[in-house]
Amino acid sequence: AGERSMKIKECELHNGQVRLSLISFGASIRSFETPDKEGVFGPVHLSLDSVEQYQDAALNPYLGASVGRYANRIAGARFPLDGTVVELTPNEGDNQLHGGPAGFGRRNWELLSKEHTPAGGSVTFGLESQDGDQGFPGNLRGRVTYELAGDTLRITYFAATDAATVVNLTNHGYWNLDGDSTIFGHRLRIDADQVLPVDEAGIPAGTLQEVQNTVFDFRERTTLGDAFKSRPSGFDHCFKLNGVSGKLRFAAQVDSPSSGRWMRIRTDQPAVQLYSGNGLGAPFTQHGALCLETQMFPDTPNHPELGSAVLRPGQEYRSVTELQFGVSEYESASS
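Because the structure is a prediction, the values reported are computed rather than measured. (Residues numbered from 1 in each chain as written. Predicted model: local features only at pLDDT ≥ 70, side-chain atom pairs only at ≥ 80, totals over all residues. Heavy atoms only, no water.)

## A closer look at the overall build of the protein chain
Part 1 of the reasoning: Summing up its helical and strand segments, the protein chain has 2 helices and 26 strands in all.
Part 2 of the reasoning: The C-alpha atoms of the protein chain give a radius of gyration of 19 Å, which matches the 20 Å a tight globule of 335 residues would have.
Part 3 of the reasoning: With the C-alpha coordinates of the protein chain rotated into their principal frame, the extents come out at 60 × 45 × 35 Å.
Part 4 of the reasoning: Scored against the burial criterion, the 335 residues of the protein chain give a buried share of 55%.
Part 5 of the reasoning: In the protein chain, 65% of the contacts between residues at least 6 apart in sequence involve partners at least 24 apart.
Part 6 of the reasoning: With the model as given, the accessible surface of the protein chain reaches about 13800 Å², and the carbon-plus-sulfur share is 48%.
Part 7 of the reasoning: In the protein chain, 29 side chains carry a positive charge and 41 a negative one; their mean positions are 3 Å apart. (Helix = DSSP H or I, 4+ residues; strand = E, 2+ residues; numbered from the N terminus. Rg over C-alpha atoms; globule rule 2.2 N^0.38 Å. Buried < 20%, exposed > 50% of the residue type's maximum accessible area, 1.4 Å probe, protein only. Contact = heavy atoms within 4.5 Å. Areas by Shrake-Rupley, 256 points an atom, 1.4 Å probe, with all protein chains shown as cover. Lys, Arg positive; Asp, Glu negative; His and termini not counted. Charge placed at Lys NZ, Arg CZ, Asp CG, Glu CD.)

Next comes the structure, spelled out in structure tokens:
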């Protein structure tokens, strides 16, 4: 009950290249502004008009939120752990999405620290999740640090537990590099040779598949409007990133010829979920933003072949993602 009464706190970090506002509700990115090719600052992330609106799940589809205790979906809202079956609170049909109806993205975190520096500064939020919260075992202490330095925002998640549990935290940023309209004109590159097939409910349906000769091949820069022609329903899929999981490496890049802005993502996570805003509605536009959520695979607790999301006492969960922003001079139309 204590956190319900906690006031939502807002913090700003800015320098000459980026203006960023963060709120304690969901430990979320509230707004993000960068200059376009004309040098004009403008929004590149979806925002609601008032901080209070973030508490309304009907208006807030996890905008820029820190989601957990397990980001993405867990099939049947249950999984085996050390010989027993853990039963979770479902919130998407029979499944659990983003940690349940009162997952981390729907909670008011505590503002632990903020520091301003000439390069930007840092803000840290913390959350204590009790044993049994949304069905998850173990008292978990989570925290996130947003660190702005020049053109780069580094997001680091930490967690520790007093009993075996599963953890998968991510930032659910909604990006539109033009600040309006749809993402059809955006171009996307994802450094992934494989994608995880899913059923209509977004639950893994089979083993990792090669992206070659499929609509999921984003290894070369691809205009999203063209990708949508082959897949009008859009994307909500998890890609296995190339390179070594646990090492910070290039994951994806988005750019928009219209604003000239680009965003480059590096992460130490094994995968990235591409969500093309298929479910976005008022006050937003369908396909009005895209999410690139760095994470473990969906339903990993039920799929040992996809890795392990188990965190045990004495271990520290850590996840690092860097978002870098800039503008390009565009090639002439002939190239």
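## A short note on empty space enclosed by the protein
Part 1 of the reasoning: Inspection of the entire model under this criterion finds 1 cavity of 30 Å³ or more.
Part 2 of the reasoning: What lines the largest cavity is a set of 14 residues, among which I155, N171, L292, T294 and T321 lie closest to the centre.
Part 3 of the reasoning: Counting only elements with at least two residues in the lining of the largest cavity, the list comes to β13 (152-161), β15 (170-172), β24 (291-295) and β26 (317-327).
Part 4 of the reasoning: Grouping the amino acids of the lining of the largest cavity by side-chain chemistry returns 7 nonpolar, 6 polar and 1 charged. (1 Å grid on protein atoms, 1.4 Å probe; cavity = no way out; pocket = protein on both sides within 12 Å on 5 of 7 lines; lining within 4 Å. Points joined across faces, edges and corners; volume = space filled by probe spheres on them. Nonpolar A, V, L, I, M, F, W, Y, C, P; charged D, E, K, R; others polar.)

## Points about the state of the cysteines
Disulfide: a covalent bond formed between the sulfur atoms of two cysteine residues.
Part 1 of the reasoning: Under the criterion given, the structure shown has 0 disulfides.
Part 2 of the reasoning: The thiol sulfur of C291 is not disulfide-bonded, and the nearest other cysteine sulfur, from C238, lies at 13 Å. (Disulfide = S-S within 2.5 Å.)

## Considerations on the sheet that holds strand β1 (residues 10-14)
Part 1 of the reasoning: Strand order in the open sheet formed by 4 strands is β1-β2-β3-β4, with antiparallel pairing between adjacent strands. On the outer flanks of this sheet lie β1 and β4 (41-43), each paired with one strand and no other. Across the sheet, the axes of successive neighbouring strands diverge by a mean angle of 20°, strand direction being ignored.
Part 2 of the reasoning: Bridge count for strand β3 (residues 28-35) against β4 is 3 bridges, and the pairing is antiparallel. For E33, the partnering residue across the bridge sits in β4 and is P43. (Pairing = 2+ DSSP bridges. Axes fitted to C-alpha atoms, helices over the stretch in contact; angles between N-to-C directions.)

## Observations concerning the sheet that holds β24
Part 1 of the reasoning: The antiparallel open sheet is built from 5 strands, whose spatial order is β18-β17-β20-β23-β24. Edge positions in the sheet fall to β18 (209-210) and β24, since each of these pairs with one other strand and no more.
Part 2 of the reasoning: Across 5 bridges, the pairing between strand β23 (residues 271-275) and β24 is antiparallel. Bridge pairing links L274 to L292 in β24.

## Things to note about the pattern of salt bridges
Part 1 of the reasoning: As enumerated under the stated definition, the model contains 15 salt bridges in all.
Part 2 of the reasoning: For D255, the salt bridge is made with R187, and the minimal N-O distance between the two is 2.9 Å. In this pair, D255 sits in strand β21 (residues 249-255) while R187 sits in strand β16 (residues 187-190), placing the two residues 68 residues apart along the sequence. In this pair, the class of D255 matches that of R187, namely buried.
Part 3 of the reasoning: One salt-bridge network, in which partners are shared between bridges, spans R73, E92 and D236. (Salt bridge = Lys/Arg side-chain N within 4 Å of Asp/Glu carboxyl O.)

## Brief notes about the nonpolar core
Part 1 of the reasoning: Ranked by internal contacts, the top residues of the largest apolar core, which has 65 residues, are I190, F239 and L292.
Part 2 of the reasoning: In this structure F239 touches I190, A192, Q194, V195, V211, F216, F218, P270, A271, V272, L274 and F297, once residues within four positions along its chain are discounted.
Part 3 of the reasoning: If you look at the next biggest cluster of nonpolar residues, it comprises 14 residues, including I23, L46, L63 and Y174. (Core = buried A, V, L, I, M, F, W, Y, C linked by side-chain atoms within 4.5 Å.)

## Notes on the packing of aromatic side chains
Part 1 of the reasoning: In this structure the tally under the stated criterion is 12 aromatic pairs.
Part 2 of the reasoning: Note on F228 and F235: the rings are 6.0 Å apart at their centroids and 85° apart in plane angle, and the pair reads as edge-to-face. The exposure classification of F228 matches that of F235, with both residues buried.
Part 3 of the reasoning: Linked through ring pairs, F184, F216, F218, F228, F235 and F239 together constitute an aromatic cluster.
Part 4 of the reasoning: Its end group placed over the ring of F41, R19 keeps NZ or CZ at 4.0 Å from the ring centre. (Phe/Tyr/Trp six-rings, centres within 6.5 Å; stacked < 30°, edge-to-face > 60°. Lys NZ or Arg CZ within 6 Å of the ring centre and 35° of its normal.)

## A closer look at the environment of E10
Part 1 of the reasoning: Looking at the secondary structure, you find E10 in strand β1.
Part 2 of the reasoning: A C-alpha to C-alpha distance of 4.4 Å links E10 and I23, two positions 13 residues apart in sequence.
Part 3 of the reasoning: Setting aside residues no more than four positions away along its own chain, E10 makes contact with S21, L22, I23, R30 and V51.
Part 4 of the reasoning: Side chain to side chain, E10 and S21 meet in a polar contact 2.6 Å long. (Polar contact = N/O pair within 3.5 Å; in protein donor to acceptor, adjacent residues only side chain to side chain.)

## Focus on the side chain of T145
Part 1 of the reasoning: Locating T145 in the fold gives a position in strand β12 (residues 140-149).
Part 2 of the reasoning: For T145, the side chain forms a polar contact with the side chain of T124, separated by 2.8 Å.
Part 3 of the reasoning: Those residues in contact with T145 that lie beyond four places of it in its chain are S122, V123, T124, R154, I155, T156 and F158.

## Some words on the environment of A27
Part 1 of the reasoning: Checked against the element boundaries, A27 lands in the loop between β2 (19-23) and β3.
Part 2 of the reasoning: For A27, a relative accessible area of 0% corresponds to the buried category.
Part 3 of the reasoning: Between the C-alpha atom of A27 and that of R78, which follows or precedes it by 51 residues, the distance is 26 Å.
Part 4 of the reasoning: Among all residues touching A27, those that are not within four sequence positions of it are G64, A65, S66, W109, F125, V144 and Y146.

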